[in-house]
Amino acid sequence: MEEFALTTLNGVAMAALYFLVAAGFSLIFGVMRIVNMAHGSLFLLGGYLGWSVAALTHSWLLAIVAAGAATAALGLMLQQGLLRHYQGQELTEALITIAVSIVIADLLVATYGGLSYQIPAPVPLGHSIRIPGTALRYSSYSLALIGVALATGLALWLFLERTIWGVVLRAGIDDRQMVAVLGLNIQRIFALVFAIGAGLAGMAGVLDGTLLSLVPGVDSSYLVAALAAVIVGGMGSLEGSAVGALVVGMATEFGIGYFPSYAEALTFAVMAVVLVVRPTGLLGKAR
Amino acid sequence: MIAFHGAPSGRSLAWCSTLLAAIVLPFLASSFVTQDILALAAWSAIVAMSMVFLSKYGGMISFAQVGIYGVGSYSFAILAVGHGVPWYGAVAGALVAATLCALLFALLVARTYGIYFLMVTLALGLVVYFLTISNYGLTHGSGGIPGVNPPHLGSISLAQPIPEYFLDSSVAFAVLLGLTLLMRTQFGLALQGCRDNPRKMRAMGYSVMSYRVIAFTLAGSIAGIGGVLGVWYNGIIAPSYLDLTRIIDFLAIAVIGGMESLEGTFAGAIIYAIVTTYASSFTDRYNTVIGLVLLAIVMFAPGGVGGLVSRVGARLALAKAQLTPASTE
């Protein structure tokens, strides 16, 4: 029973990380129809930058802020400098992000090598605490991580549902041509969404570097987790990313816990069933 | 009339000289070049062709081809090395496994289109990679299966550069020829119809889904052939041969050659083999070089080498057509 509860908590903690990566990935796809293959690279870049900042300043908070800001700026540059000129050419956009991801990954190997890095957790979260009402002890950092994901999800939801920017953005997901025809500046929305998505990926990199560790290859495993989460949950929907991340996080942890040889097969099986039953994902709109 | 006859003869001249070069070149080049550039390019082109075929004729950009190629490689290695099955049996097993895997994937993705298709197939391709890493019983985890040997045909060992090159390149040419001819049949035309206007084809009574499934499965068999030749070439199969970097490698070959040109994959594969072989000798950052080359091609020559050649060909044909009226009058 205790093992089951721990696996569940681990699953939720993984889901929290997956959500932060998948939400940005999904929004970028939803609004711009861009499969951002560099999303994993931005994630890893953010993690490494966070490690460097933490090593210099001994401040975890500064590390995550700096990583988020730097990857958001890089995402903005990628969108404005390269992708903007190829709007609507989906394959070209995907290929550009692939080329960028190759370069980023290679330069990261050149800078940080193949070693694994871990970012020390912020001091108040360095130990485990008892979960109220049970005999279970669990890492306070992981619990905080779940809280961060919930808060980010709530902030994104408020932004999408309660601000004028969010209204334009959601309209852009449904029909971006109509939004442009109405005289709204869709380009600014595109830039904003890309920056937010990239910044979230970078921050998730720092969170992951504190929870687990950073090594080359982590970029593609988070890219595929984000892919799986949005395929399961549905593209371009915030709630879909949350549901998808939860499903994939649970499948991963229960797979590792109960049948490690086929852990990925479980994620795959879930994805396959969703694709057969609902090709647009659990909460995706039919197109 | 003269221009009409002139254009194909120029084309067949180009074909003949390419074929001649492909036959003569290995005898002039060093055995290093024959094996590490030409043979590598030949079997890589087969995998890239399975990708370009789906894209060009089916309108499906699939990132799962490397995963299916891996199923072929692993099946051969498991049967031949793990169970001592003779090579022809292992080849048959590998092709059947790759084809079945492709059929399974096809049934999953046939209802998705466009960029969504790309994403789902990427996820499927990576699932194969992660499965091979986490599974020890069958695929031996990240160490993979070493010690895979290509067969001997009589006294000829297919591990020797020249026999290996001729095997790989003739299979690649056969695949190219087969696909080109197939696309001129009723099936090929219907498939292209499904690419251009699925709704109309459906209204005309064609099962668009079946055509997509068949095309994807066929492309999977071709990727499986590449998988067998690839594992013979490498002598080992491991998860690192199927990871995202490798998926991008084969995609780069297809893009450099041109996503609209089956023949272009040969050019793409040779350029790619040259860049990876020689760039690594003067810089450690050859992946950055590859990334930048890919970026430049996508931005400035979206048709790849194949696109450039056909553009030059069209320009020449135009020039000829402008010349001929004067001579026929």
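Structural data are supplied above this passage.
Please read these numbers as outputs of a predicted model, since none were measured by experiment.

Each partner contributes to the interface: chain B provides 37 residues, whereas chain A provides 44 residues. The contact between chain B and chain A buries some 3,700 Å² in all, and 79% of this surface belongs to carbon and sulfur atoms. Across the contact surface, chain B and chain A share one salt bridge. Residue Arg285 of chain B pairs with Asp106 of chain A through a salt bridge whose shortest N-O separation is 3.1 Å. Counting across the chain B and chain A interface gives three residue pairs in polar contact (both at pLDDT 80 or more). Of all the secondary-structure elements, those providing two or more residues to the side of chain B that touches chain A are α4 (87-109), α5 (114-134), α10 (244-257) and α12 (286-300) of chain B.

Attention shifts here to the pattern of salt bridges. Applying the stated criterion across every chain, the model contains four salt bridges over all chains. Residue Glu161 of chain A pairs with Arg170 of chain A through a salt bridge whose shortest N-O separation is 3.7 Å. Residue Glu161 of chain A is classed as partly exposed on the basis of its relative accessible area, which comes to 27%. Residue Arg170 of chain A is classed as partly exposed on the basis of its relative accessible area of 31%. Here Asp249 of chain B and Arg246 of chain B are joined by a salt bridge, their closest N and O atoms 3.8 Å apart. Linking Asp249 of chain B with Arg246 of chain B, this pair stays in helix α10, spanning three residues, or about one helical turn. Relative accessible area serves as the criterion here: at 28%, Arg246 of chain B is assigned to the partly exposed category.

Calculation criteria
Residues numbered from 1 in each chain as written. Chains lettered and ligands numbered in written order. Predicted model: local features only at pLDDT ≥ 70, side-chain atom pairs only at ≥ 80, totals over all residues. Heavy atoms only, no water. Contact = heavy atoms within 4.5 Å. Buried area = accessible area lost by both parts, 1.4 Å probe. Salt bridge = Lys/Arg side-chain N within 4 Å of Asp/Glu carboxyl O. Polar contact = N/O pair within 3.5 Å; in protein donor to acceptor, adjacent residues only side chain to side chain. Helix = DSSP H or I, 4+ residues; strand = E, 2+ residues; numbered from the N terminus. Buried < 20%, exposed > 50% of the residue type's maximum accessible area, 1.4 Å probe, protein only.

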